[in-house]
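Observations on the three-dimensional arrangement
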Amino acid sequence: MITFSGLGFFYVFCIYLGGFFLVNKILDFYSPDFKMQPILIFAIHVVLTLINYLLAKHLNRNEVKHTVYDVRLEKFVLSVGIVFGALILLMARAYS
């Protein structure tokens, strides 16, 4: 079970998944090259992680109200973003 305080975790989670869902629908019309897909996924991941980091920073601007596992939400967002970014880069390397 994930322990968290505040609703910031849900906001971040919804923005991340919703962002990938919307970009997926947009890219269905564009149909990028097979080797271009991992690069686009990584770029979208970086943008969504930055948006989530700024949102988490804004939510905790006065005092720490939003935490995940007793860690500030913005630190959690950055650490998960780095881990997912590494996994996306490994996927891109496997496809090339």
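You'll find the structure just up there.
Now for a description of the structure that goes with this document. Numbering of residues starts from 1 in every chain and runs along the sequence as written. Totals for whole chains, interfaces and linings use all residues, but because this is a predicted model, local features are given only for residues with pLDDT of at least 70 and pairs of side-chain atoms are given and counted only at 80 or more. The basis for the side-chain values is all heavy atoms of the structure; hydrogens and waters are excluded.

1. Here's the deal with the nonpolar core
Most often, soluble globular proteins keep nonpolar side chains buried together rather than apart. Note the cut-off: By convention a nonpolar core is built from buried Ala, Val, Leu, Ile, Met, Phe, Trp, Tyr and Cys residues, the set being connected through side-chain atoms within 4.5 Å. A simple rule labels every residue: compare its accessible area, found with a 1.4 Å probe on the protein chains alone, to the largest value its type can have, and call it buried under 20%, exposed over 50%, or partly exposed in between. The helix count covers DSSP runs of H or I at least four residues long, the strand count covers runs of E at least two residues long, and both are numbered beginning at the N terminus. Only heavy atoms matter for contacts: two residues are in contact if any of them lie within 4.5 Å across the pair.
Counting residues in each nonpolar core, the largest one holds seven residues, listed as F9, V12, A56, L59, V68, L73 and V77. Counting only elements with at least two residues in this core, the list comes to helix 1 (8-30), helix 2 (37-59) and helix 3 (73-95). Those residues in contact with V68 that sit more than four places away from it in its chain are I2, T3, F4, F9, L73 and F76.

2. Topic: helix 1
Quick reminder of the rule: The span you would expect from a helix comes to 1.5 Å times its residue count less one.
Taking 1.5 Å of rise per residue, 23 residues should cover 33 Å, and helix 1 covers 33 Å from first to last C-alpha, within 8% of that figure. For helix 1, every residue scored as buried is listed here: G8, F9, V12, Y16 and G19. At its buried positions, helix 1 is contacted by strand 1 (4-5), helix 2, strand 2 (67-68) and helix 3. Positioned one or two residues after helix 1, S31 has a phi angle of 50 degrees, which is positive.

3. Topic: the side chain of T49
The cut-off we apply is this: In protein, a polar contact means a hydrogen-donor-capable atom and an acceptor-capable atom, both N or O and within 3.5 Å, with residues adjacent in sequence counting only if both atoms are side-chain atoms; elsewhere, any N or O pair within 3.5 Å suffices.
Along the chain, the position of T49 falls in helix 2. For T49, the side chain forms a polar contact with the main-chain oxygen of H45, separated by 2.8 Å. With residues up to four places along the chain from it excluded, the contact list for T49 reads Y16, V77 and G81.

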